[in-house]
Protein chains: 2
Amino acid sequence: MSDDLTKFITQYADFPKKGVLFRDILPVLQHPDNFLELIKDMSSSKIIKKADAIISIDARGFIFGTAIAMQSLKPMIVARKVNKLPGDLLTRSYDLEYGQNSLSIQKSALKNYQSFVIIDDLLATGGTATCVSSILRSAGKDVTGLSVVIELEELKGRSCLTFPVESQVIL
Amino acid sequence: MSDDLTKFITQYADFPKKGVLFRDILPVLQHPDNFLELIKDMSSSKIIKKADAIISIDARGFIFGTAIAMQSLKPMIVARKVNKLPGDLLTRSYDLEYGQNSLSIQKSALKNYQSFVIIDDLLATGGTATCVSSILRSAGKDVTGLSVVIELEELKGRSCLTFPVESQVIL
């Protein structure tokens, strides 16, 4: 899949801040057959199959997480940025490629599942995935892995993570 | 569908600010068969079928827009909040139920399509949908309609909109 996918990735220099090369995989959504093939590839992985539920990261992760949830008929819950989720939350802060942020998960959303696969569009430093796994583990839950479309190899995110990582294209 | 759906809607008083009753449809994602049925219902509508492409609103709209895009095999593009999209943008501000915001669409994402259906989780005052339709029309594009899961009837969003509206449950 990776050869086909690279042609859908658009690059933007100095976004969202100077010195960052932003990679955008969303143009693949304009090619429904390719998008479906990508989602089928991602959904066929063991880390998806082993998980009780999918956890999608705000906001681009919602796109791929939802599609995988639909393809695999797995339940999906969300990890969201600050002030976006109501109810009783579990929250952790993290550093990302360009700044700091925090993510929250609703306690009520976790309670019916034991194992989760984390879905996002892109793996950079791994800060986001570490944050989500830290929330999950603090609640006594298991992480089967992280599945992303794009992995930025030079940022070495994979080496910081303590669970399996699957990416469809490595840049 | 609407009788079934209401049981998945969780309500939170005073979120995101005092006086607002927040309705959360995301729990339906924890019931894959019901979620799929909802998406099939939404996708069967004329306003989806007539559209060249789907436009999903940041961020909960991404969830339903992606699922409809996958179900209907239509291209999808996104309308995002400020500072989230790179490239040449078309941007408009809007008032929402609790505050003000702006949405942007990439010019490059619009160019291959003439007609769009707008997808979001919820219709409140209609400010978000009006904002997106105003961007689309400023670029000479057509809006086939707005499709949401929940419509808050007392806020009268529907009466402000100049295109067809479809909702799965009216509260």
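Residues numbered from 1 in each chain as written. Chains lettered and ligands numbered in written order. Predicted model: local features only at pLDDT ≥ 70, side-chain atom pairs only at ≥ 80, totals over all residues. Heavy atoms only, no water.

Caption draft 1: Representation of the overall build of chain A. Each helix and strand in chain A was counted, giving seven helices and nine strands. A compact globule built from 171 residues would reach a C-alpha radius of gyration of about 16 Å, and chain A, at 15 Å, matches this within 12%. Along the first, second and third principal axes, the C-alpha atoms of chain A reach 40 × 35 × 30 Å. In chain A, which comprises 171 residues, the proportion classed as buried is 60%. Taking the intrachain contacts of chain A between residues at least 6 apart in sequence as the baseline, contacts between residues at least 24 apart amount to 59%. Here chain A has roughly 7000 Å² of accessible surface; of this, 46% comes from carbon and sulfur atoms. (Helix = DSSP H or I, 4+ residues; strand = E, 2+ residues; numbered from the N terminus. Rg over C-alpha atoms; globule rule 2.2 N^0.38 Å. Buried < 20%, exposed > 50% of the residue type's maximum accessible area, 1.4 Å probe, protein only. Contact = heavy atoms within 4.5 Å. Areas by Shrake-Rupley, 256 points an atom, 1.4 Å probe, with all protein chains shown as cover.)

Caption draft 2: Geometry of unusual backbone geometry. Residue and element names in this part refer to chain B. With an omega of 0 degrees, the peptide bond between Phe15 and Pro16 qualifies as cis. In this fold, Pro16 is placed in the loop between strand S1 (10–13) and strand S2 (21–24). A cis geometry characterises the amide bond from Asp58 onward to Ala59, with omega recorded as 0 degrees. Position of Ala59 relative to the elements: it lies in the loop between strand S3 (53–57) and helix H4 (60–72). Positive phi outside glycine occurs at Asn83, with the angle close to 65 degrees. With respect to the helices, strands and loops of the structure, Asn83 is situated in the loop between strand S4 (76–81) and strand S5 (89–96). Here Asn83 falls in the exposed class, since its relative accessible area comes to 63%.

Caption draft 3: Seen up close, the relation of the copies chain B and chain A. Overlay of chain B on chain A (RMSD 0.0 Å): rotation 180 degrees, translation along the axis 0.0 Å. The superposition operator between the copies reduces to a two-fold rotation axis. A high fraction, 100%, of the interface residues of chain B reappear at the interface in chain A, so the copies pair face to face through one surface. (Least-squares fit on C-alpha atoms with pLDDT ≥ 70 in both.)

Caption draft 4: How the structure looks around the nonpolar core. In this structure, A:Ile25, A:Phe64, B:Ile25 and B:Phe64 are the most contacted members of the largest nonpolar core, which totals 70 residues. Among residues more than four places away in sequence, those in contact with A:Phe64 are A:Ile25, A:Leu26, A:Leu29, A:Phe35, A:Leu38, A:Ile39, A:Ile119, A:Asp121 and A:Val149. (Core = buried A, V, L, I, M, F, W, Y, C linked by side-chain atoms within 4.5 Å.)

Caption draft 5: Highlighting the side chain of B:Ser115. All names here are of chain B. Topologically, Ser115 is positioned in strand S7 (residues 115–123). The class for Ser115 is buried, based on a relative accessible area of 9%. In terms of polar contacts, Ser115 uses its side chain to reach the backbone carbonyl oxygen of Lys50, at 3.4 Å. If we skip the residues at most four places from it in the chain, Ser115 touches Lys50, Ala51, Asp52, Ala53, Asp142 and Thr144. (Polar contact = N/O pair within 3.5 Å; in protein donor to acceptor, adjacent residues only side chain to side chain.)

Caption draft 6: The packing of aromatic side chains, seen in detail. Residue and element names in this part refer to chain A. Within the structure shown, the criterion is met by six aromatic pairs over all chains. Look at Tyr113 and Phe116: their rings are 6.1 Å apart centre to centre, the planes differ by 85 degrees, and that puts the pair in the edge-to-face class. By relative accessible area, Tyr113 is classed as buried at 10%. We classify Phe116 as buried; its relative accessible area is 0%. (Phe/Tyr/Trp six-rings, centres within 6.5 Å; stacked < 30°, edge-to-face > 60°.)

Caption draft 7: Here's a closer look at the interface of chain B and chain A. With 38 residues of chain B at the interface, the matching set in chain A holds 38 residues. Contact between chain B and chain A buries roughly 3100 Å² in total, counting both sides, with carbon and sulfur atoms accounting for 66%. Three residues, B:Gln30, B:Met70 and B:Pro86, lead the burial of chain B against chain A; their summed loss comes to 21% of the area buried on that side. Joining chain B to chain A, the criterion identifies zero salt bridges. The set of elements that each furnish at least two residues to the side of chain B that touches chain A consists of S2, helix H2 (32–43), H4 and S4 of chain B. In terms of residues, the side of chain B that touches chain A owes the most to one element, H4(B), which gives seven residues. Of the residues contributing to the side of chain B that touches chain A, the split by class is 23 nonpolar, seven polar and eight charged. (Buried area = accessible area lost by both parts, 1.4 Å probe. Salt bridge = Lys/Arg side-chain N within 4 Å of Asp/Glu carboxyl O. Nonpolar A, V, L, I, M, F, W, Y, C, P; charged D, E, K, R; others polar.)

Note that every value here comes from positions in space, so none of it alone points to a role or purpose.
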